[in-house]
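So the chains spell out like this:
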Amino acid sequence: MQAVILVGGEGTRLRPLTVNTPKSMVPILNQPYLEHNLDYLKKHGIKDVILALGYLPHRIKTYFDSVGEQDSHLTYVVESTPLGTAGAVKNVEPHLHGEAFYVFNGDIVTDIDLRDMYTFHKREKASVTIALTAVENPTAFGVVETDNNGRVRRFVEKPGWDEVTTNMINAGVYIVEPEVLKLIPSQTFYMFEQGLFPLLLKQGEKVCGYPSTGYWIDMGTPEKYLKLHHDLLHKMARDGRDGGVVGGIGEGCSIHPSVQITGPVLIGKNCKIGPRVRIIGPVVLGDGCQVDEGSVIEGAVLWEGVHVGAEVNLKDSILAANCRVAGHCWIVGGCVLGDGVEIGEGNRLGQAIRVWQGKKLEPGTLSF
Ligand code: GDD
Ligand code: MG
């Protein structure tokens, strides 16, 4: 079977992380999101994958050209202007083989059983099957009301609380019969959520909801991005690779004997960690990170090439590639630093502040 992955969005809620990096290439455990997703698809026997691209398409293509994704066959289709979620699928129609196919939102991480979903879809003879997952706050998603037989009755995208009748939401995974493509206008901005799903329901087509209790997260905000890392690292630790360093220390690392590591911590290649540093997982250090004497890093994700000076307190925050944090800084409480940000000595950043890529903060200018 084929799969279409929607990777054309601009990832606005993740900015500044997505200014230079499309959401699908944002690293998860030091590996681009999309690579994890392709592995997941491969496990379910799906190797023919069409990427519907729009924003920074060259970043995605260049990466997969360089690593040589031998096991999956990737087709790249670039939109010159965003066509919306359904318009993007219509746009790849010439590459589809005329059978039922999967569609994935390109920012979800899940272990939904795709084979079982397909069996359900065929048994129900649905035109479209939407995977469903339960969430605490359905207002941030598409709410899907079904009857007792799993048939979708109503679809409401981003409802107000007064419209919420269920906590089951659209998990961003669909199985679509090819005939449905006739209902999507060509080269026109058109959405599954506000356009095609309501239209199918109005026309009496059979749209089914496939309820899943598997792991599911939309990593589209910094909070969810951190939560995803925390979940995955705890899972790695549970899977037997002990607390402390999970997945082995990357090659070329130099870690001072006095460094204390607790909780699950992933360390990339060529990292340098100085004396008396404490790393309290869940934490990820990307390749080539350096942490100087006496600093404490807790619950944070650092992309490649980040330098943290001495006696820094870094907690629950995300630092994109090549950030520089000088000594005696505090960066806590959900801060997000874009690529190449430089934070001068003694600054204190908190309250989920976001610093745009390339910005330089003079020593001691911020204090929360
Ligand atoms: N190719 C292409 N073109 N892709 C697009 C476009 C477009 O014009 N617009 C959005 N996408 C991609 C995004 O890159 C993302 O992978 C996916 O479509 C969904 O877009 P989001 O912007 O992440 O949507 P959302 O999270 O607000 O809501 C969607 O996902 C929820 C589940 O995570 C909806 O489908 C909700 O109904 C759903 O519950
Ligand atoms: Mg999303």
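Note: the structure precedes this text.
Residues numbered from 1 in each chain as written. Chains lettered and ligands numbered in written order. Predicted model: local features only at pLDDT ≥ 70, side-chain atom pairs only at ≥ 80, totals over all residues. Heavy atoms only, no water.

## A short note on the pattern of salt bridges
Then step 1. Using the criterion set out here, one finds 14 salt bridges in the structure.
Then step 2. Across the salt bridge formed by Glu-93 and Lys-90, the nearest N and O atoms sit 3.1 Å from each other.
Then step 3. Residue classification places Glu-93 among the partly exposed residues on the basis of a relative accessible area of 31%.
Then step 4. Judged by relative accessible area, which is 13%, Lys-90 ranks as buried.
Then step 5. Between Glu-145 and Arg-154 there is a salt bridge; the shortest N-O distance is 3.1 Å.
Then step 6. A network of salt bridges, in which partner residues are shared, links Arg-123, Glu-124 and Lys-206. (Salt bridge = Lys/Arg side-chain N within 4 Å of Asp/Glu carboxyl O. Buried < 20%, exposed > 50% of the residue type's maximum accessible area, 1.4 Å probe, protein only.)

## A few points about the coordination of the magnesium ion (ligand 2)
Then step 1. Bound to the magnesium ion (ligand 2) on the protein side are Asp-107 (OD) and Asp-218 (OD), at distances that span 2.1 to 2.4 Å. Of this pair, Asp-107 sits in the loop between β6 (101-105) and β7 (108-110) while Asp-218 sits in strand β13 (residues 216-218), placing them 111 residues apart in sequence. For the residue pair Asp-107 and Asp-218, the accessibility class agrees, reading buried in each case. (Donors = N, O, S within 2.8 Å, 3.2 Å for Na, K, Ca; no water. Helix = DSSP H or I, 4+ residues; strand = E, 2+ residues; numbered from the N terminus.)

## Considering the sheet that holds strand β33 (residues 360-361)
Then step 1. Pairing is parallel across the open sheet formed by 7 strands, whose spatial order is β15-β18-β21-β24-β27-β30-β33. The open sheet has two edge strands with one neighbour each: β15 (254-255) and β33.
Then step 2. Alignment of strand β24 (residues 307-308) against strand β27 (residues 324-325), held across 2 bridges, turns out to be parallel. Within β27, the position partnered with His-307 by the bridge is Arg-324. (Pairing = 2+ DSSP bridges.)

## Some words on the packing of aromatic side chains
Then step 1. Applying the stated criterion across every chain, the model contains 9 aromatic pairs.
Then step 2. When the centroid spacing of 5.4 Å and the interplanar angle of 65° are considered together, the rings of Phe-120 and Tyr-210 count as edge-to-face. Of this pair, Phe-120 sits in helix α4 (residues 114-124) while Tyr-210 sits in strand β12 (residues 207-211), and the two are 90 residues apart along the sequence.
Then step 3. Aromatic pair Phe-155 and Phe-197: ring centres 4.9 Å apart, planes at 50°, arrangement tilted. Of the two residues, Phe-155 is situated in strand β10 (residues 152-157) and Phe-197 in helix α5 (residues 192-202); the sequence distance between them amounts to 42 residues. Accessibility assignment for this pair places Phe-155 and Phe-197 in one class, buried.
Then step 4. Over the aromatic face of Tyr-76 sits the side chain of Lys-61, whose NZ or CZ is 5.3 Å from the ring centroid. (Phe/Tyr/Trp six-rings, centres within 6.5 Å; stacked < 30°, edge-to-face > 60°. Lys NZ or Arg CZ within 6 Å of the ring centre and 35° of its normal.)

## Re helix α2 (residues 57-67)
Then step 1. When α2 is considered as a whole, its buried residues turn out to be Pro-57, Ile-60 and Phe-64. Taken around the axis of α2, the buried residues stretch over an arc of 70°, which confines them to a single face. In α2, those exposed residues whose orientation departs by more than 90 degrees from the buried face are Thr-62 and Ser-66.
Then step 2. For α2, the secondary structure elements touched by its buried residues are β1 (2-7), α1 (33-43), β4 (48-53) and β5 (73-78).
Then step 3. Gly-68 occupies a position one or two residues after α2 and carries a positive phi of about 65°. (Arc of directions from axis to C-beta. Contact = heavy atoms within 4.5 Å.)

## Side note on the environment of Val-312
Then step 1. Assignment of secondary structure puts Val-312 in the loop between β24 and β25 (313-315).
Then step 2. Exposure remark for Val-312: the relative accessible area of 2% places this residue in the buried category.
Then step 3. Taking C-alpha positions, Val-312 is 50 Å from Lys-90, a pair spaced 222 residues apart along the chain.
Then step 4. Sequence-distant contacts of Val-312, defined by excluding residues within four places in its chain, comprise Ser-295, Val-296, Val-325, Ala-326, Gly-327, His-328 and Cys-329.

## Quick notes on the environment of Asn-30
Then step 1. Note on placement: Asn-30 falls in the loop between β2 (27-28) and β3 (31-32).
Then step 2. Among the residues examined, Asn-30 registers a relative accessible area of 33% and is labelled partly exposed.
Then step 3. Taking C-alpha positions, Asn-30 is 29 Å from Met-1, a pair spaced 29 residues apart along the chain.
Then step 4. Contact partners of Asn-30, with chain neighbours within four places excluded, come to Leu-266, Gly-268, Val-284, Leu-285, Gly-286 and Leu-302.
Then step 5. A distance of 3.2 Å separates a polar atom in the side chain of Asn-30 from the backbone oxygen of Leu-285. (Polar contact = N/O pair within 3.5 Å; in protein donor to acceptor, adjacent residues only side chain to side chain.)

## Let's talk about unusual backbone geometry
Then step 1. Of note, the amide linkage connecting Arg-15 to Pro-16 takes the cis form, showing an omega dihedral of 10°.
Then step 2. Structurally, the position occupied by Pro-16 is in the loop between β1 and β2.
Then step 3. The residue after Gly-281, namely Pro-282, is reached through a cis peptide bond having omega 10°.
Then step 4. Phi at Lys-125 is positive, roughly 50°, even though this residue is not glycine.
Then step 5. Counting through the fold element by element, Lys-125 comes out in the loop between α4 and β8 (128-134).
Then step 6. Since its relative accessible area comes to 70%, Lys-125 is described here as exposed.
Then step 7. For Lys-158, which is not glycine, the phi torsion reads 45° and is therefore positive.
Then step 8. Relative to the elements of secondary structure, Lys-158 occurs in the loop between β10 and β11 (168-176).

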